[in-house]
Amino acid sequence: MTVTDLDSSWLAACLGLDERALNGFWTVQQWRRELEDPRRLCLGLVKNQRLLGVACGWLVVDELHITVVAVDPDERQRGHGRCLLLALLQRARQDGAAHATLEVSDDNIAALALYNRAGFRTAGRREGYYRDGSDALIQWCRLTPEE
Ligand SMILES: CC(C)(COP(=O)(O)OP(=O)(O)OC[C@H]1O[C@@H](n2cnc3c(N)ncnc32)[C@H](O)[C@@H]1OP(=O)(O)O)[C@@H](O)C(=O)NCCC(=O)NCCS
């Protein structure tokens, strides 16, 4: 199993994973931009050429904005999400990030546990942020150089 940089050759695999793990969160165009834009970081966990999970984000000055972390439903609770998130934070740190942030639904227990264990804390709430009316919790983490 390896963590690898994803490029546009992984587009179909990302769309398949998105369908299975996120119910079609992003369009083809959004995934293409995520995979092709050089300012974006997009890592995948790959086993035997199969994409088990992804973690992506983009750097704005010294802040990493995490756009997605997702693991195939058949592969969850085996440490893959944590592995991908830590790899993404490490890469962002190397590229000069001092903080990381993201929004997560306040009812996403698994994601909140993942981010909390990785050192994120809730820094605010955006009411009615999602299409279903649920609130987003803003997660924030300082990236210390020695981590
Ligand atoms: C959130 C998600 C990426 C976690 O991936 P994962 O591979 O199952 O996570 P891990 O196995 O690495 O677990 C990381 C931590 O979260 C906890 N956790 C994971 N799933 C959990 C659940 N369903 N309930 C409670 N805690 C959970 C784990 O126990 C672990 O904590 P620990 O180290 O104290 O044991 C996965 O559930 C997923 O893809 N969800 C759908 C997409 C999504 O909502 N992404 C986040 C928003 S961008």
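First things first, this report covers the structure right here in the doc. (Residues numbered from 1 in each chain as written. Predicted model: local features only at pLDDT ≥ 70, side-chain atom pairs only at ≥ 80, totals over all residues. Heavy atoms only, no water.)

**A word on the overall build of the chain**
Here comes step 1: Check the secondary structure of the chain and you find 4 helices and 7 strands.
Here comes step 2: Helices and strands appear in the chain in the N-to-C order β-α-α-β-β-β-α-β-α-β-β.
Here comes step 3: Its C-alpha atoms give the chain a radius of gyration of 14 Å, near enough to 15 Å, the size a compact globule of 147 residues would have.
Here comes step 4: With respect to the principal axes defined by its C-alpha atoms, the chain has extents near 40 × 40 × 30 Å.
Here comes step 5: The 147 residues of the chain split such that 44% are buried.
Here comes step 6: Look at the contacts in the chain between residues 6 or more apart in sequence, and 57% of them connect residues 24 or more apart.
Here comes step 7: Carbon and sulfur atoms make up 47% of the accessible area of the chain, which amounts to about 8300 Å² in all.
Here comes step 8: One way to put it: in the chain the 18 positive side-chain charges average out to a point 3 Å from where the 21 negative ones average out. (Helix = DSSP H or I, 4+ residues; strand = E, 2+ residues; numbered from the N terminus. Rg over C-alpha atoms; globule rule 2.2 N^0.38 Å. Buried < 20%, exposed > 50% of the residue type's maximum accessible area, 1.4 Å probe, protein only. Contact = heavy atoms within 4.5 Å. Areas by Shrake-Rupley, 256 points an atom, 1.4 Å probe, with all protein chains shown as cover. Lys, Arg positive; Asp, Glu negative; His and termini not counted. Charge placed at Lys NZ, Arg CZ, Asp CG, Glu CD.)

**Section: the packing of aromatic side chains**
Here comes step 1: For the structure shown, the criterion picks out 4 aromatic pairs.
Here comes step 2: Plain terms: the ring middles of Tyr-115 and Phe-120 are 5.5 Å apart, the flat faces sit at 65° to each other, and that makes the pair edge-to-face. You'll find Tyr-115 and Phe-120 in the same group, each marked buried.
Here comes step 3: A centroid spacing of 5.0 Å and a plane angle of 85° characterise the contact between Tyr-129 and Tyr-130, whose relative ring orientation is edge-to-face.
Here comes step 4: The class of Tyr-129 is partly exposed, set by a relative accessible area of 40%.
Here comes step 5: Following the ring pairs from residue to residue traces out a cluster consisting of Phe-25, Trp-26 and Trp-31.
Here comes step 6: Against the face of Trp-58 rests Arg-40, its NZ or CZ located 5.2 Å from the ring centre. (Phe/Tyr/Trp six-rings, centres within 6.5 Å; stacked < 30°, edge-to-face > 60°. Lys NZ or Arg CZ within 6 Å of the ring centre and 35° of its normal.)

**Focus: the pairing of strand β4 (residues 63–71)**
Here comes step 1: With 8 bridges joining them, strand β3 (residues 50–60) and β4 adopt antiparallel strand pairing. Looking at the pairing, Cys-56 lines up with Val-68 of β4.
Here comes step 2: As paired strands, β4 and strand β5 (residues 99–105) are joined by 3 bridges and run parallel to one another. Opposite His-65, over in β5, you have Thr-101 as the bridge partner.
Here comes step 3: What joins β4 to β5 is helix α3 (residues 80–94), and the crossover it makes is right-handed. (Pairing = 2+ DSSP bridges. Right-handed = clockwise from strand over helix to strand, strands pointing away.)

**A few points about the site of the ligand**
Here comes step 1: Close to the ligand lie 19 residues; Val-69, Gln-77, Gly-81, Asn-108 and Arg-117 are nearest.
Here comes step 2: Here the ligand has 920 Å² of accessible area as a free molecule, and 74% of this is covered by the chains.
Here comes step 3: Comparing atom positions with the cavity grids shows the ligand to sit within the largest pocket.
Here comes step 4: Elements supplying a minimum of two residues to the shell around the ligand: α1 (11–22), β4, α3 and α4 (109–117).
Here comes step 5: Residues that form the shell around the ligand fall into these classes: 10 nonpolar, 5 polar and 4 charged. (Near = heavy atom within 4 Å. 1 Å grid on protein atoms, 1.4 Å probe; cavity = no way out; pocket = protein on both sides within 12 Å on 5 of 7 lines; lining within 4 Å. Sits in = over half its atoms within 2 Å of the grid points. Nonpolar A, V, L, I, M, F, W, Y, C, P; charged D, E, K, R; others polar.)

Read these as geometric descriptors, not functional statements.
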